[in-house]
Protein chains: 2
Amino acid sequence: MEIITPHGDTHPGSEPAGARDGYVHGYGAREAERLTTQADVLAALVHGDREGIGGPITGRVLEAGCGTGAQTGHLLATPGIRVDAVDLSTASLARARGRHAAATAEGRVRWHRADVTDLPFPDAAFDHVFGCFVLEHLAEPGRALAEWLRVLRPGGGLTVVEGDHDSTLLHPDGAAGRAVIAGQARAQERAGGDAFIGRRLAPLVRGAGFREVVVEPRTVCADRARPDLRTGFVLGTFVPVFEAARGDVLAEGMVDAAEWERGIADLRRTATGDGTFHYTFFRATARAPR
Amino acid sequence: MEIITPHGDTHPGSEPAGARDGYVHGYGAREAERLTTQADVLAALVHGDREGIGGPITGRVLEAGCGTGAQTGHLLATPGIRVDAVDLSTASLARARGRHAAATAEGRVRWHRADVTDLPFPDAAFDHVFGCFVLEHLAEPGRALAEWLRVLRPGGGLTVVEGDHDSTLLHPDGAAGRAVIAGQARAQERAGGDAFIGRRLAPLVRGAGFREVVVEPRTVCADRARPDLRTGFVLGTFVPVFEAARGDVLAEGMVDAAEWERGIADLRRTATGDGTFHYTFFRATARAPR
């Protein structure tokens, strides 16, 4: 167990071996900015209107796969919450700690470099486990969920949010745009992940032993009436995922450079004029057995 | 203008020329049953939780494309509502009238055989226009919306609900299942419709001159926790659409008979065990300019 303290004993650049391969989106500054934009734009979708176990996430909370702390800020907005945030990337943890320096100094959040499938915490240590866009990158998401269940107290809560690339609806439609999305999904699969995990969240969570499993679709609908979502999500979050994955997508051989350019143009076009863009995230909430 | 009275002056079998070709799902008794199951299962999605112009649909209401009256019953559940229900199919109207005999006798609903793009009503005659799964079958949905705007009073409300076949997420995934869906969409397109209309509802409604356009995704999530949706929607509504379209789908030449069988099995499999099924409808609400 390695706690990243507020005093700077981190080692930027000391990524775990294979980390770049394991996280298809990469670890650059531009990616960190994308994650922040994404977290802010999606805050209402990720955190709002809980139909499942209800109420805000509170108590002692494990954030599994905190990355650069984009979602951590939304968790910390709840008074009295205490967060243990875990990630594999030391560089991401350093960014996260810098961004949440005050909460770190106050002891409201602690940063841990660890594997989310092999946690340095005792059984039943947490009231809630939160994981956002993490399971999609894991070769064994079910094993991670079982580990998260282990560290939850009886009756403790789970919130996981994941996307499903097949839920993307482009208007105007574009074959090249769909090919770029399919290529990125293939690259993610090669790295051990699953860009289509959203649809199987319910059986995954249930299969890991959770109870009261509720999966809610949370759809981004960006059109002329929502310029904030066009800018913040389509152009500021979604398209950059694919721009960042250009090399990996081309390496898959499903699209060539020219089609890749047309595909990015297809995606961008949905955020102009009478275009529309839809993408559905799935939020699962559940409880550990009592 | 032809009003179908409660006294039986209808002419079953006198479908307008080309009606069978124009309505890809056909007009059989089994289809009528499917539409009823669909309407009941989807009632909460179609009618519940209005985020847009809000409140229940009330006043003098035009139901554009009432079919066999499956949705009409849900409209009539609102006290004080008066419905003028329009459809091209005399046989469907006769079924609808039979089903809603009491409301018909009370004068709460009147049945009209007419084209939803050329309505036998004066300008500004209605407080609200409701259309469910109708625009998807029209070659010129924008023209229909303009006609609906014409018969709405200033500030009157619009509610339209449509699906988008590309929103279907199957788990386990199945290439044959997706091919069957794509084949049905192709057949619908050949008949002048658009099975992917959901994503472009916002620009269509706005383009017709409506204001305060809000489009809400309404997703059916059917998994082990929702046996009612598995039975009522996946097996009772969705699969039958494709079973009914078998001849048309095979005629498109995209799948052969063997793949069609495998495809139907793929769709059914999502309603068993750890399978999951998702489909998103889009509900648009809007107002006529004041």
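Think of each chain on its own: its residues are numbered from 1, step by step along the sequence as written. Each chain gets a letter, beginning with A, and each ligand a number, beginning with 1, in the order they are written. Restriction of local features to residues with pLDDT of at least 70 applies here, the model being predicted, together with a cutoff of 80 or more for giving and counting side-chain atom pairs; totals for whole chains, interfaces and linings are based on all residues. Side-chain numbers here rest on the full set of heavy atoms in the structure, without hydrogens or water.

Colleague: Which parts of the structure should I look at to understand the overall build of chain A?
Modeller: Comment: elements are numbered from the N terminus, with helices defined as DSSP H or I runs of at least four residues and strands as E runs of at least two. Of regular secondary structure, chain A possesses twelve helices and nine strands. Residues count as neighbours in contact if any of their non-hydrogen atoms are within 4.5 Å of one another. Look at the contacts in chain A between residues 6 or more apart in sequence, and 80% of them connect residues 24 or more apart. Exposure was quantified through the Shrake-Rupley algorithm and a 1.4 Å probe, taking into account, for residues, occlusion by the shown protein chains and nothing else. A total accessible area of about 11,000 Å² is found for chain A, and carbon and sulfur atoms account for 51% of it.

Colleague: Before we go on, may I ask you to explain the packing of aromatic side chains in this structure?
Modeller: Both the distance between ring centres and the angle between the ring planes are used here to describe each pair of aromatic rings. Stacked, edge-to-face and tilted are the three classes for Phe, Tyr and Trp ring pairs, Trp counted by its six-membered ring, which pair at centre distances within 6.5 Å; planes under 30 degrees apart are stacked, over 60 edge-to-face, the rest tilted. Tallied over the entire structure, the rule returns 18 aromatic pairs over all chains. Aromatic side chains F233 of chain A and F238 of chain A sit 6.2 Å apart centroid to centroid with 35 degrees between the ring planes, which places their arrangement in the tilted category. The burial state of F233 of chain A is the same as that of F238 of chain A; both residues are buried. Arranged with centres 5.9 Å apart and planes meeting at 50 degrees, the rings of F233 of chain B and F277 of chain B form a pair that is tilted. With a gap of 44 residues between them, F233 of chain B in helix α10 (residues 227-244) and F277 of chain B in strand β9 (residues 276-287) connect regions that are remote in the sequence. For the exposure calls, accessible area comes from a 1.4 Å probe over protein chains only, and a residue counts as buried if that area is under 20% of its type's maximum, exposed if over 50%, partly exposed in between.

Colleague: What's the story with the packing of helix α10 (residues 227-244) of chain A against helix α12 (residues 257-269) of chain A in this structure? I'm lost.
Modeller: A pair of packed helices is captured by two measures, namely the crossing angle of their axes and the spacing between those axes. Residues and elements named next belong to chain A. Where helices are involved, their axes are fitted lines through C-alpha atoms of the stretch in contact, as for all axes, and angles between N-to-C directions lie from 0 to 180°. For the pair α10 and α12, interaxial distance at closest approach is 10 Å and the crossing angle is 165 degrees. Accordingly, the angle class assigned to the pair α10 and α12 is roughly antiparallel. When the axes of α10 and α12 are compared, the crossing they make is right-handed. Contacts from V234, L235, F238, V239, F242 and E243 in α10 reach W260, I264, L267 and R268 in α12. For this classification, the nonpolar set comprises Ala, Val, Leu, Ile, Met, Phe, Trp, Tyr, Cys and Pro, the charged set comprises Asp, Glu, Lys and Arg, and every other residue, Gly included, is treated as polar. Taken together, the residues that form the contact of α10 with α12 break down as eight nonpolar, no polar and two charged. An angle counts as roughly parallel when it lies under 35 degrees, as roughly antiparallel when it exceeds 145, as roughly perpendicular when it falls between 65 and 115, and as oblique in every other case. Should the near helix be turned anticlockwise from the far one by less than a right angle, the crossing is left-handed, and should it be turned clockwise, the crossing is right-handed.

Colleague: Sorry if this is basic, but what is going on with the relation of the copies chain A and chain B here?
Modeller: The two chain copies are related to each other by a rotation about an axis together with a translation along it. In the superposition of chain A on chain B (RMSD 0.0 Å, axial shift 0.0 Å), the rotation amounts to 180 degrees. Both copies are brought into coincidence by an operation consistent with a two-fold rotation axis. Among all residues of chain A, the one whose C-alpha sits closest to the rotation axis is S167 of chain A, at a distance of 2.8 Å. Both copies contact each other with a shared surface, as 100% of the interface residues of chain A are interface residues in chain B too. The copies are overlaid by a least-squares fit using only the C-alpha atoms of residues whose pLDDT is at least 70 in both copies.

Colleague: Sorry, what's going on with the pairing of strand β3 (residues 82-87) of chain B here?
Modeller: Along any regular strand, the residues point their side chains to alternate faces of the sheet. Residue and element names in this part refer to chain B. The buried fraction of β3 is high, at five of six residues. A pair of strands counts as paired when DSSP detects no fewer than two bridges linking them. The pairing of β3 with strand β4 (residues 109-113) spans five bridges and is classified as parallel. Residue pairing for β4: A85 is matched across the bridge by W111.

Colleague: Any chance you could explain the state of the cysteines here in plain terms?
Modeller: Covalent bonding between the sulfur atoms of two cysteines defines a disulfide. Put simply, a disulfide is two cysteine sulfurs that come within 2.5 Å. Scanning the entire structure with this criterion turns up zero disulfides over all chains. Not engaged in a disulfide, the cysteine C66 of chain A finds its nearest cysteine sulfur in C132 of chain A; these two sulfurs lie 12 Å apart. Distance from the sulfur of C221 of chain B, which forms no disulfide, to the nearest cysteine sulfur (C221 of chain A) is 14 Å. By relative accessible area, C221 of chain B is classed as buried at 14%.

Colleague: Where do I start with the interface of chain A and chain B in this structure?
Modeller: Interface size, as often reported, equals the accessible area lost upon joining of the parts. On the side of chain B, 23 residues touch chain A, which itself brings 22 residues to the contact. Of the roughly 2,000 Å² buried where chain A meets chain B, counting both sides, 64% is carbon and sulfur surface. The term buried area means the drop in 1.4 Å probe accessible area that two parts suffer when joined, counted for both and summed. Ranking the residues of chain A by area buried against chain B places L169, R199 and R206 of chain A at the top, with a combined share of 31%. A pair is scored as a salt bridge if a Lys or Arg side-chain nitrogen falls within 4 Å of a carboxyl oxygen belonging to Asp or Glu. Our enumeration of links across chain A and chain B arrives at four salt bridges. Side-chain atoms alone can form a polar contact between residues adjacent in sequence; in general such a contact is a pair of N or O atoms within 3.5 Å, and within protein one must be able to donate a hydrogen while the other accepts it. On the surface where chain A and chain B come into contact, there are four residue pairs in polar contact (both at pLDDT 80 or more). For the side of chain A that touches chain B, the elements supplying multiple residues, two or more each, are β7 (169-171), α9 (201-207), β8 (211-222) and β9 (276-287) of chain A. Here the side of chain A that touches chain B is composed, by residue class, of eight nonpolar, five polar and nine charged.

These results come straight from atomic positions and should not be treated as a statement about function.
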